[in-house]
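# Survey of secondary and tertiary structure
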Number of protein chains: 2
Amino acid sequence: MALSMRSWIDSANDPAGDFPLQNLPYGVFRRDRRAALGVAIGDRVLDLRACARIGLLEGLAPATVEASQTDSLNGLMALGRACWRPLRERLTGLLGDPEHRPMVDPLLVAMPDADMLPPALIGDYTDFYASIYHATNVGRLFRPDNPLLPNYKWVPIGYHGRASSIVASGAPIRRPSGQSKDAAEAAPRFGPSRALDYELEVGLFIGPGNRLGEPIPIHTAEEHIFGLCLLNDWSARDVQSWEYQPLGPFLAKSFATTISPWVVTLEALRPFRSPAFVRPEGDPQPLPYLTDPSDQQRGGIDVTLEVRLTSRRMRAAGTPPVRVSRGNLRDLYWTPAQLVAHHASNGCNLRPGDLLATGTVSGPTRDAAGCLLEITRRGADPLALPEGEVRRFLEDGDEVTIRGWSEREGAVRIGFGECRGRIEGLE
Amino acid sequence: MALSMRSWIDSANDPAGDFPLQNLPYGVFRRDRRAALGVAIGDRVLDLRACARIGLLEGLAPATVEASQTDSLNGLMALGRACWRPLRERLTGLLGDPEHRPMVDPLLVAMPDADMLPPALIGDYTDFYASIYHATNVGRLFRPDNPLLPNYKWVPIGYHGRASSIVASGAPIRRPSGQSKDAAEAAPRFGPSRALDYELEVGLFIGPGNRLGEPIPIHTAEEHIFGLCLLNDWSARDVQSWEYQPLGPFLAKSFATTISPWVVTLEALRPFRSPAFVRPEGDPQPLPYLTDPSDQQRGGIDVTLEVRLTSRRMRAAGTPPVRVSRGNLRDLYWTPAQLVAHHASNGCNLRPGDLLATGTVSGPTRDAAGCLLEITRRGADPLALPEGEVRRFLEDGDEVTIRGWSEREGAVRIGFGECRGRIEGLE
């Protein structure tokens, strides 16, 4: 697609916008109580079901036309690239060529009128730990002499997360209660978490997936990634440190996970592919099942990620959100393809709509740390906010917004929209 | 229901059978390519959809009649006790009173003709670690001086498992590949697991469940348990010991979990309730959110659990299966109600059809250990099989069958059927 290609929808041509014609992310929206698939374009949402109904998807595979009329992306995710590409081409034509305007314009919904839902029925949700900076920073807080465990550089460490409590951007986040125990306390207590944190992550939605017992080879792994979203893996650090041994995080994370509503396809991110993480001298090479030359060359994705925070006091004073984290997806130790190939390497079946998250995306510098645990060094070094407040962890009323985008000279900027949640206290 | 109450189906009156009139477990079966809800009775399966179609469920709540005609138990699970009880009463009447025989007999399917499927669409699967004997035995292998971690007696430890790879009894289990590293090896290798194990567990299917952000109080927790099944949490111990830190088991478990097809309701198990685990002097009392007097008195369930193993050589020689584990569900440190209340205590929503497993059920003696890791002390003390073989871990061709039943003087025996799987090697 030519860089210069523009949409007849003016707002899609804003060079600072998230949703140009080159993006076309998919989501699910509700309007007048009915859910439908939508495509973001500028400040509008194109209703895919309506497109299919009036014949605008004619000529595409019947399965594509059928999937376009459902109310979750799972059907489309299952179809794979052979169907994704023609649909994208069709949408590019419909939204790019002004001759389609009379037919398509009535099928556009203004974004504020579209109530965004989670984009898919998420069967299983897996959370990885793919940032070596995050793993090292967190490890250092608990094991100063030995921050990184011996398996880290060999195994893309991950764990199963809770699918039921994944919510769409904007849903309120209730402060969870849980057991915690300070070193000085003789017994644990149960009550509202005193160490609530965000985690800046990216989610990968699975496309066709694999059958149980049949691993996915690394060289085909990307065919099983439908697209990406932003993800906030809310964490209760006090609960986590008391409960997590020996089986890992459980209630410290399962109370809520927020995702952004728009799924940006790998196709849209093609101009922003980057080499895989360059392992420093002395680090082992990945085992063969995680090694693929083209993944080494272009397995990374250059996405700038940013977290902003507003406190209740800041909102009352009209103070704009303050940036607390800024990182980049390409800084992960493992590529998306490696995460997928590893996950399926034991024969575990990945299904359309399953969600894999990267784990906290942190970079090498402190301002690139993706959570408060790292930024404040477990509360030891509080963060100053504009209105004279400080934060060790999140307070009631704090709102956390993640944004992400890809940009580079010679390419149209691709944005992810936002992933937002505000902490509500317990009554 | 009177102890003496009998069914007009002879096989249901066998005192050693699993499925008397007093049991009536629910499942999903396929016959002639169509799935339907079924109820086990003796050596037959009653087709619930067929019952509804010819009016045998008339007078029950419309929601019950509707749920009875679906192809998974989720709908029925969602309805709660107010609907479960009248349905059970109706089925007891239909299968107990010979006057219904002419109508009901044609709706019965012989068990061998019913292809059993997983009983529900399992949204999320959680695995606990509720046996203190198991936790201690396993802990001792890794930390001889300090087998039990400090949180164990306070927190019902659990983690999220993989829902996609849960299979029904009888499905073949492919030996998974994975990374492992012996202490003597400089680097990990990737290949078929050399330490495949079973884990004897019981699963709890969730009924109505809770809304996100609204915990379930312990005194109502059992209202959210629809029923129980048997569960084998297949585990690759070599993969597990290399991958599990710091986030817990992942690929060591996600390749397959087998469940028995029949869900035995709490109602059927009523005569077999037992006091909660009696904590030895010195153990802390559970925190208030996990404490309920009636749960203390009757929160346990007396279910005998047994694992039998047959090797390929044993089958060839016609040697019967050998018993390798025998335990009892009532030996768990935490009750089912405590597991449910803990899980939802942070506001995490449990949905109808979600599955909670107990973790390996081990007892205080060696023959009550629920997995080979414990029985063979991580392979140090191999298990002798009848045909001159020994087992450290499972070999290709080994078949593992879990059975469970409740019996006591003055009550009709209630059985769980079987949970079976055979290990297939990788080609």
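Preceding this section is the structure that the text describes.
Just so it is clear, the structure is predicted and the values come from calculations on it, not from any experiment. Position numbers for residues count from 1 along each chain, tracking the sequence in the order it is written. Numbering of ligands from 1 and lettering of chains from A proceed in the order in which they are written. Note on the predicted model: pLDDT of at least 70 is required for a residue's local features to be given, and 80 or more for side-chain atom pairs to be given and counted; whole-chain, interface and lining totals, by contrast, use all residues. Computation of side-chain values: all heavy atoms of the structure, hydrogens and water removed.

### Focus: the packing of aromatic side chains
Aromatic ring pairs are described here by two measures, namely the spacing of the ring centres and the angle between the planes. All names here are of chain A. Which entries qualify depends on this criterion: When two rings of Phe, Tyr or Trp (its six-membered ring) have centres within 6.5 Å they constitute a pair, described as stacked for plane angles under 30 degrees, edge-to-face for angles over 60, and tilted for the intermediate range. Helix and strand definitions here come from DSSP, where helices need a minimum of 4 consecutive H or I residues and strands a minimum of 2 consecutive E residues; each element is numbered from the N-terminal end. Only protein chains enter the accessibility calculation, which uses a 1.4 Å probe; a residue whose area is less than 20% of its type maximum is buried, one above 50% is exposed, and one in between is partly exposed. Charges are assigned to positions over rings by a cutoff of 6 Å between ring centre and Lys NZ or Arg CZ, combined with an angular limit of 35 degrees from the ring normal.
Scanning all chains against the criterion turns up 20 aromatic pairs over all chains. Taken together, a centroid distance of 5.1 Å and an interplanar angle of 80° make the contact between W84 and F226 edge-to-face. Of the two residues, W84 is situated in helix α4 (residues 81–96) and F226 in strand β14 (residues 225–232); the sequence distance between them amounts to 142 residues. With respect to burial, W84 and F226 carry one shared label: buried. The rings of Y129, Y133, Y152, F277, Y333 and W334 are connected pair by pair, giving a single aromatic cluster. Directly above the aromatic system of W334 lies the positively charged group of R279, at a separation of 4.7 Å from the ring centroid.

### With respect to the interface of chain A and chain B
Where we set the bar: Contact between two residues is taken to exist if any of their heavy atoms lie within 4.5 Å; hydrogens are not considered. Two parts placed together each lose some accessible area under a 1.4 Å probe, and the buried area is that loss summed for both. Whenever Lys or Arg places a side-chain nitrogen within 4 Å of a carboxyl oxygen from Asp or Glu, that contact is recorded as a salt bridge. Whenever a nitrogen or oxygen atom comes within 3.5 Å of another N or O atom, the pair is scored as a polar contact, on the condition that within protein one atom can donate a hydrogen and the other can accept it, and that pairs from neighbouring residues in sequence are kept only if both atoms are in side chains. Three classes are used, and their members are as follows: Ala, Val, Leu, Ile, Met, Phe, Trp, Tyr, Cys and Pro are nonpolar, Asp, Glu, Lys and Arg are charged, and the others, Gly among them, are polar.
The interface is formed by 55 residues belonging to chain A together with 55 residues belonging to chain B. With both chains or domains summed, chain A and chain B bury close to 5,200 Å², and 62% of this area falls on carbon and sulfur atoms. Of all residues in chain A, H160, L247 and F250 of chain A bury the most surface against chain B, accounting for 16% of the area lost on that side. For R162 of chain B, the salt bridge goes to D124 of chain A, with nearest N and O atoms at 3.4 Å. Along the contact surface separating chain A from chain B lie 29 residue pairs in polar contact (both at pLDDT 80 or more). Among the secondary structure elements, those contributing two or more residues to the side of chain A that touches chain B are β6 (125–128), β7 (158–161), β10 (177–180), β11 (189–192), α7 (237–243) and α10 (336–344) of chain A. Here the residues of the side of chain A that touches chain B are counted per class, giving 28 nonpolar, 19 polar and eight charged.

### Some remarks on the pattern of salt bridges
All names here are of chain A. Applying the stated rule across the entire model yields 63 salt bridges over all chains. With its nearest N and O atoms 2.7 Å apart, the salt bridge here joins R175 to D396. Here the residue R175 occupies a position in the loop between β9 (173–174) and β10, and D396 occupies one in the loop between β24 (390–391) and β25 (399–406), the gap between them amounting to 221 residues. Using a relative accessible area of 29% as the deciding quantity, one classes D396 as partly exposed.

### Overview of the sheet that holds strand β3 (residues 44–47) of chain B
All names here are of chain B. The line we're drawing: Two strands pair under a simple rule: DSSP has to find at least two bridges between them. The convention used is that axes are lines fitted to C-alpha atoms, helices contributing only their stretch in contact, and that angles between N-to-C directions extend from 0 to 180 degrees.
If you walk across this open sheet you meet the five strands as β4-β3-β2-β1-β5, and the pairing is antiparallel. Each edge of the open sheet is held by one strand with a lone partner, namely β4 (108–110) and β5 (115–117). Shown here is a sheet whose adjacent strand axes are inclined to one another by a mean of 45°, direction ignored. In terms of strand pairing, strand β1 (residues 26–31) meets strand β2 (residues 34–41) through six bridges, oriented antiparallel.

### Considering helix α4 (residues 81–96) of chain B
In plain terms, the rule: Working rule for helices: expected span equals 1.5 Å times residues minus one.
Under the 1.5 Å per step criterion, the end-to-end length of α4 of chain B is 21 Å for 16 residues, consistent within 8% with the ideal 22 Å. What α4 of chain B keeps buried is the set C83, W84, L87, R88, L91, T92, L94, L95 and G96 of chain B.

### As for the pairing of strand β13 (residues 200–206) of chain A
All names here are of chain A. Of all seven residues in β13, seven are buried; the element is thus mostly enclosed. Here β13 shows a buried face lined by L200, V202, L204 and I206 and a second buried face lined by E201, G203 and F205. Here seven bridges tie β13 to β14, and the two strands are oriented antiparallel to one another. Looking at β14, one finds that F205 is bridged to G227. As paired strands, β13 and strand β22 (residues 355–357) are joined by three bridges and run antiparallel to one another. Bridge pairing links G203 to A357 in β22.

### Topic: the relation of the copies chain A and chain B
Condition: Here the copies are matched by least squares. The fit uses the C-alpha atoms of residues with pLDDT of at least 70 in both.
Turning chain A through 180° and shifting it by 0.0 Å along the axis lays it on chain B, with an RMSD of 0.0 Å. Given the turn and translation reported, the copies of this chain are related as if by a two-fold rotation axis. Within chain A, the C-alpha atom positioned nearest to the axis of rotation is that of G248 of chain A, 2.2 Å from it. When the interface residues of chain A are mapped onto chain B, 100% of them are again interface residues, pointing to one common binding face.

### A closer look at the sheet that holds strand β3 (residues 44–47) of chain A
Residue and element names in this part refer to chain A. Read from one edge to the other, the open sheet built from five strands follows the order β4-β3-β2-β1-β5, with strand pairing classed as antiparallel. Looking at strand neighbours, the two that pair on one side only are β4 (108–110) and β5 (115–117), the edges of this open sheet. Put simply, the sheet's adjacent strands are angled 45° from each other on average, direction ignored. As judged from the three bridges shared by β3 and β4, these two strands associate in the antiparallel manner. Of the residues in β4, the one forming a bridge with R44 is A110. Sitting on the sheet, α4 is in contact with β1 (26–31), β2 (34–41), β3 and β4, with an inclination near 60° to β1.

### What to know about the environment of F250 of chain A
Assignment of secondary structure puts F250 of chain A in the loop between α7 and β16 (257–259). In this structure, the C-alpha to C-alpha distance between F250 of chain A and L149 of chain A, residues 101 residues apart in sequence, is 20 Å.

### Here we look at the environment of C371 of chain B
Residues and elements named next belong to chain B. Along the chain, C371 turns up in the loop between β22 (355–357) and α11 (372–375). In sequence terms C371 and V138 are 233 residues apart; their C-alpha atoms lie 10.0 Å from each other. Contact partners of C371, with chain neighbours within four places excluded, come to H134, D197, Y198, E199, R237, S325 and T360.

### So, unusual backbone geometry
Trans peptide bonds make up most of the peptide bonds, and negative phi angles are found at most residues other than glycine. The omega torsion of the bond from Q245 of chain A to P246 of chain A falls at 5°, within 30 degrees of zero and hence cis. Note that P246 of chain A resides in the loop between α7 and β16. The phi torsion at R33 of chain A lies on the positive side, around 70°, for a residue other than glycine. Take R33 of chain A: it is sitting in the loop between β1 and β2. Look at R33 of chain A and you get exposed, because its relative accessible area is 80%. Backbone geometry places R377 of chain B, a non-glycine residue, at a positive phi of 45°. Looking at the secondary structure, you find R377 of chain B in the loop between α11 and β23 (383–384). Note on R377 of chain B: relative accessible area 44%, which makes it partly exposed.

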